[in-house]
Amino acid sequence: MEVFKTKAKRLPGSDIREVRKSAFLIFQKILKKSKRRPYVRSAYFNKEKVFLNVFWEHLFTKENWRDRVRRLKYLPPAFELIQKTRLDPVSKENPNRQDEIFHRFAGITSDNHLFYVQIKENKRKSQKWLISFFPENE
């Protein structure tokens, strides 16, 4: 698997309040660009939209707040990876639903931390959703 080197660093902080505040400021900029569902355009998918609302639902199902903080710290590098990478991800079909494909991209932050971004693609509608991003085991 090829790894994309981002210029963005992880968000600073260890407390959920300070990390969430920084993450929402970044997310607010994306929200203001669209009147409907928030999205980021992906270079790998030929500038198609990758919708972000499924990620937030997934994040807040996590009961452990430390896991939320650990994931939210990678928000800027994950968005940069989605927007700029043209490297091939590891892709596989969803075993439960034949009309879905999961794509896993790998990236390294500017401070050399490996992380992964997962995107779900619906074959029929050709829509993509950001499912999750997370660091390699820390």
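Predicted model, so just to flag it, every value in this text is computed and none were measured.

A. Here's a closer look at the environment of Ala-78. Mapped onto the elements of the fold, Ala-78 is located in helix α4 (residues 75-84). Taking relative accessible area as the criterion, Ala-78 reaches 0% and is therefore assigned buried. As for Ala-78 and Glu-57, which are separated by 21 residues in sequence, their C-alpha atoms are 17 Å apart.

B. Representation of the side chain of Lys-73 in the model. Mapped onto the elements, Lys-73 comes out in the loop between α3 (65-72) and α4. Looking at Lys-73, its side chain comes within polar contact range of the main-chain oxygen of Gly-13, at 2.8 Å. Setting aside residues no more than four positions away along its own chain, Lys-73 makes contact with Arg-10, Leu-11, Gly-13 and Val-19.

C. The arrangement of α3 in detail. Along α3, the positions that sit buried rather than exposed are Asp-67, Arg-68, Val-69, Arg-71 and Leu-72. Those residues of α3 that are buried lie in contact with α1 (16-33), α2 (53-59), α4 and β7 (127-135). Between the side-chain oxygen of the N-cap and the backbone nitrogen of Arg-66 there are 3.0 Å, and the N-cap of α3 in question is Asn-64.

D. Representation of the pattern of salt bridges in the model. Inspection of the entire model under this criterion finds 10 salt bridges. Note that Glu-100 and Lys-120 form a salt bridge whose closest N and O atoms lie 3.7 Å from each other. Taken as a pair, Glu-100 in strand β5 (residues 100-108) and Lys-120 in strand β6 (residues 114-122) lie far apart in primary sequence, 20 residues in all. In this structure Glu-100 comes out as buried when scored by relative accessible area, which is 5%. Lys-120 sits in the buried class, given a relative accessible area of 18%. One network of salt bridges, with partners in common, ties together Arg-97, Asp-99, Glu-100 and Lys-120.

E. Expanded view of the pairing of β7. With 8 of 9 residues buried, β7 is to be regarded as a mostly interior element. Examined bridge by bridge, strand β3 (residues 48-51) and β7 share 2 bridges and lie parallel to one another. Across the sheet, the residue bridging to Phe-51 is Trp-129, located in β7. Sheet topology note: the β6/β7 ladder contains 8 bridges and is antiparallel. In the sheet register, Glu-121 faces β7, and the bridge partner there is Lys-128. With antiparallel pairing between neighbouring strands as the criterion, β6 and β7 make up a hairpin whose turn holds 4 residues, including Ser-126 at a positive phi of roughly 60°.

Cut-offs used in this document
- Residues numbered from 1 in each chain as written.
- Predicted model: local features only at pLDDT ≥ 70, side-chain atom pairs only at ≥ 80, totals over all residues.
- Heavy atoms only, no water.
- Helix = DSSP H or I, 4+ residues; strand = E, 2+ residues; numbered from the N terminus.
- Buried < 20%, exposed > 50% of the residue type's maximum accessible area, 1.4 Å probe, protein only.
- Polar contact = N/O pair within 3.5 Å; in protein donor to acceptor, adjacent residues only side chain to side chain.
- Contact = heavy atoms within 4.5 Å.
- Salt bridge = Lys/Arg side-chain N within 4 Å of Asp/Glu carboxyl O.
- Pairing = 2+ DSSP bridges.

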